[in-house]
Amino acid sequence: MVVNLSLETSLKVLRFVLCSSLLVALVIGCQDNKAILKESEKHLDAGTPQAAVDGLETFIKTAPEEPKARFLLGKAYNALGRHNDAVEQLRKASQLYAAQPEERTVARLELARTYLRFGDRTSAFRVLRIVQRSTSDPETLRKIIELVGDSYQTKQLTTGDSDNYSPTFSPDGTQIAFASFRTDNGEIYLMDLNGRIRQRVTYTTDFNDSSAAFLTTPNYLFYSSEPKASRDVKVVLQSSGSTPIYAGFNLTHIHSKITRQVLPVTFGARAPRTSLSGNQIIYESNADGNLELYLLDLDGVDLAQFTPEDIEHKRLTFNETDDGSPTFFPDGKRIMFVSSRDEVNQLYTIDIDGQNETHFNPNGYDCYNPTVSSDGKTIAYVSVRDGDWEIYLIDADSKNERRITNDIGRSIQPAFSPDGRHLVFVSDRSDTFHIYLMSLDEPVTREDLVQRLQ
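Keep in mind the model is a prediction, meaning the values are calculated, not measured.

**Q** Would you take a moment to explain the overall build of the chain for this structure?
**A** Along the chain, the regular secondary structure elements total 8 helices and 24 strands. At 28 Å, the chain has a C-alpha radius of gyration far larger than the 22 Å of a compact globule built from 454 residues. Overall size of the chain, expressed as C-alpha extent along the three principal axes, is 120 × 50 × 35 Å. Per-residue burial over the chain gives 48% buried out of 454 residues. Look at the contacts in the chain between residues 6 or more apart in sequence, and 45% of them connect residues 24 or more apart. Of the roughly 22,100 Å² of accessible surface on the chain, a fraction of 50% belongs to carbon and sulfur atoms.

Have a look at this one:
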């Protein structure tokens, strides 16, 4: 009897030890799995997708039913341009996430993005229709809208076979100044918000005029002018300080057509932007060997009669890399600009006295053409991702980034209306650069989305 009791006790102890060992092994295994997946996510965030692929491919051999591993591997393949392999992994992840609807939606959205990256809109729309029918979540619907078109109601303002570009609003928001190549060289025109041409402002057959900017003094237009080198239009997204630039600035009275030179073309100046608070202009120039930011102030200057010598210029940046595409914040005390530090064009801010430089939006994508809304709360800019040039919005605290254009072709050169209700931009979605007007108070609805997906 004593022997049997001892044997039974020994068996219980043995079972307890075995179960405890198995439990410990399972816990350690789960911890190892989580560590591997977390490490893979770090590689993706750091822009080293091949390292993520190496770890995930090995991991999946031992855990083929782990959906997150499949999902991350699909993202890593996408980053390497292996879109067919990405489709295979993302399809599998969607199947394995069957009991986890939120994760399944994320995987399906990534699958749709992948189809779009190599031009399979039919398959992408099929997946997005499934997601749209299965959700009422506004954030998910917004992400679908971002993938299939503009996020807000948009209309085309200019037409024809000639390129139109560099739009900006008048201070009262009733007109848009823009450049057009309709006369075989760039000239500046004014149109209303329905696209009706109101006036031609410049008449310079040997020069290309662009980048118009309204001054706070009424009826004056400040703009860039450069010699016409060919019959081809030059729509500059970002200048390069290593390339000679022959461009200067002129000032024209809209009604009298009297034009005065502010800077000669030898100064290599482009991309002027005016402040809301006065006749200050911020611009880029490679006059000192590479692209830097400069400030000129026309406050107190008699715009009807002055000489270039009357204008004072102040250099704001002193960097080895190019600094360009500047724009004012509404208070006129800060500037946002583009710089090519670390071989990626990113957005930076700096005070008007050249102090307190800050990297605004650290990420791995080239960014261009920043512009700030009149209330200072929102920044619009161009970002280049997956070979696509689209316009994004981001809050002034560098959070809440969202894409608002998505169409065939490139969308560039955004500009806010003074009341913040509209955004004008340029796109070649119709094979020619035309100007489009987006109504930021008219978001695309679910009903609009259903029609697009059909």
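**Q** Explanation requested: the sheet that holds strand 22 (residues 411-416) in the structure shown.
**A** Strand pairing in a sheet takes place through backbone hydrogen bonds and is either antiparallel or parallel in direction. As summarised here, the arrangement of the 4 strands in space is 1-24-23-22, forming an open sheet in which the pairing is antiparallel. Every interior strand has two partners, whereas the edge strands, strand 1 (152-156) and strand 22, have only one. Shown here is a sheet whose adjacent strand axes are inclined to one another by a mean of 25°, direction ignored. With 4 bridges joining them, strand 1 and strand 24 (residues 434-443) adopt antiparallel strand pairing. Across the sheet, Tyr152 pairs through a bridge with Pro443, a residue of strand 24.

**Q** Any chance you could explain the pattern of salt bridges here in plain terms?
**A** Pairs may arise between side chains of opposite charge once their charged atoms sit close together. In total, this model carries 19 salt bridges according to the counting rule given. Residues participating in the shared-partner salt-bridge network are Glu110, Arg113 and Arg117.

**Q** I would appreciate a short explanation of the pairing of strand 2 (residues 164-169) in the present structure.
**A** Within a regular beta strand, the side chains point alternately toward one face of the sheet and then the other, so they alternate between its two faces. The buried fraction of strand 2 is high, at 6 of 6 residues. If you look at the hairpin formed by strand 2 and strand 3 (residues 175-180), you'll find 5 residues sitting between the two strands, and Gly173 has a positive phi there, around 75°.

**Q** When you look at the nonpolar core in this model, what are you seeing that I'm missing?
**A** Considering soluble globular proteins, one finds that nonpolar side chains tend to be buried as a cluster. Among the nonpolar cores identified, the biggest contains 36 residues, and Leu56, Phe71, Leu128, Ile144, Val148, Leu449 and Leu453 are the most heavily contacted of them. When contributions to this core are tallied by element, the ones reaching two or more residues are helix 2 (49-62), helix 3 (67-79), helix 4 (83-96), helix 5 (101-117), helix 6 (121-133), helix 7 (138-148) and helix 8 (446-453). Of the residues forming this core, the biggest block, 6 residues, is contributed by helix 3. Setting aside residues no more than four positions away along its own chain, Val148 makes contact with Phe125, Leu128, Asn406, Leu449, Arg452 and Leu453. By size, the runner-up hydrophobic cluster in this structure holds 31 residues, among which are Phe169, Ile404, Leu437 and Leu440.

**Q** Before we go on, may I ask you to explain helix 6 in this structure?
**A** Because the α-helix completes a turn every 3.6 residues, residues three or four places apart line up on one side. Between its first and last C-alpha atoms helix 6 spans 18 Å; for 13 residues at 1.5 Å apiece the expected length is 18 Å, and the two agree. The secondary structure elements touched by the buried residues of helix 6 are helix 5, helix 7 and helix 8.

**Q** Quick question: what am I supposed to make of the side chain of Asn361 here?
**A** Along the chain, Asn361 falls in the loop between strand 17 (358-359) and strand 18 (366-372). Of note is the side chain of Asn361, whose polar atom sits 3.0 Å from the backbone nitrogen of Leu347. Here Asn361 is in contact with Gln346, Leu347, Cys367 and Tyr381, once residues within four sequence places are set aside.

**Q** Can you help me understand the packing of helix 4 against helix 5 in this one?
**A** Two packed helices can be described by the angle between their axes and the distance between those axes. Two numbers describe how helix 4 lies on helix 5: the axes approach to 9 Å, and their chain directions differ by 160°. Classified by the interaxial angle, the pair formed by helix 4 and helix 5 is roughly antiparallel. Helix-helix and strand crossings are classified by hand; for helix 4 and helix 5 the assignment is left-handed. Facing helix 4, whose interface residues are His83, Ala86, Val87, Leu90, Arg91, Ala93 and Ser94, helix 5 presents Arg104, Ala107, Arg108, Glu110, Leu111, Thr114, Tyr115 and Arg117.

**Q** In this structure, what is going on with the sheet that holds strand 20 (residues 388-395)? I would like to understand it.
**A** Strands sit in the order 18-19-20-21 across an open sheet of 4 strands; the sheet is antiparallel. Here the strands that pair on one side only, and so sit at the sheet edges, are strand 18 and strand 21 (402-403). Bridge analysis of strand 19 (residues 378-385) against strand 20 gives 8 bridges, and the strand direction is antiparallel. Bridged to Val382 within strand 20 is Ile391.

**Q** What am I meant to see in the side chain of Ser373 here?
**A** Looking at the element boundaries, Ser373 is found in the loop between strand 18 and strand 19. Of the polar contacts made by the side chain of Ser373, one reaches the backbone nitrogen of Lys377; its length is 3.4 Å.

**Q** Just checking my understanding: could you explain the environment of Asp388 for this structure?
**A** Secondary-structure assignment places Asp388 in strand 20. Here Asp388 falls in the partly exposed class, since its relative accessible area comes to 21%. Between the C-alpha atoms of Asp388 and Leu128, which are 260 residues apart in sequence, the distance is 20 Å. Those residues in contact with Asp388 that sit more than four places away from it in its chain are Ser383, Asn406, Asp407 and Gly409.

How each quantity is defined
- Sequence order as written defines residue numbering, which begins from 1 separately in each chain.
- In keeping with the model being predicted, local features are shown solely for residues with a pLDDT of at least 70 and side-chain atom pairs are shown and tallied solely at 80 or more, while totals for entire chains, interfaces and linings include all residues.
- For side-chain calculations, the full set of non-hydrogen atoms in the structure is used, while hydrogens and water are omitted.
- Numbered from the N terminus, helices here are DSSP runs of H or I no shorter than four residues, and strands are runs of E no shorter than two.
- To get the radius of gyration, use the C-alpha atoms; to get the globule rule, take the number of residues to the power 0.38 and multiply by 2.2 Å.
- A simple rule labels every residue: compare its accessible area, found with a 1.4 Å probe on the protein chains alone, to the largest value its type can have, and call it buried under 20%, exposed over 50%, or partly exposed in between.
- Only heavy atoms matter for contacts: two residues are in contact if any of them lie within 4.5 Å across the pair.
- Residue burial considers only the protein chains on display, and all accessible areas are found by Shrake-Rupley using a 1.4 Å probe.
- Two strands are said to pair when DSSP picks up at least two bridges between them.
- Throughout, an axis means a line fitted to C-alpha atoms (over the contacting stretch in the case of helices), and angles, computed between N-to-C directions, take values from 0 to 180 degrees.
- Each reported salt bridge corresponds to a side-chain nitrogen of Lys or Arg within 4 Å of a carboxyl oxygen of Asp or Glu.
- Joining through side-chain atoms within 4.5 Å is the link that ties buried Ala, Val, Leu, Ile, Met, Phe, Trp, Tyr and Cys residues into a set, and such a set is a nonpolar core.
- Helices are assigned an expected span. That span is 1.5 Å times one less than the residue count.
- Nitrogen and oxygen atoms within 3.5 Å of one another constitute a polar contact, given that in protein one can donate a hydrogen and the other can accept it, and given that sequence-neighbouring residues count only through two side-chain atoms.
- When describing relative orientation, an angle under 35 degrees is termed roughly parallel and one over 145 degrees roughly antiparallel, while 65 to 115 degrees is termed roughly perpendicular and anything else oblique.
- By definition, any crossing whose near helix is turned counterclockwise from its far helix by less than a right angle is left-handed, and any crossing with a clockwise turn is right-handed.

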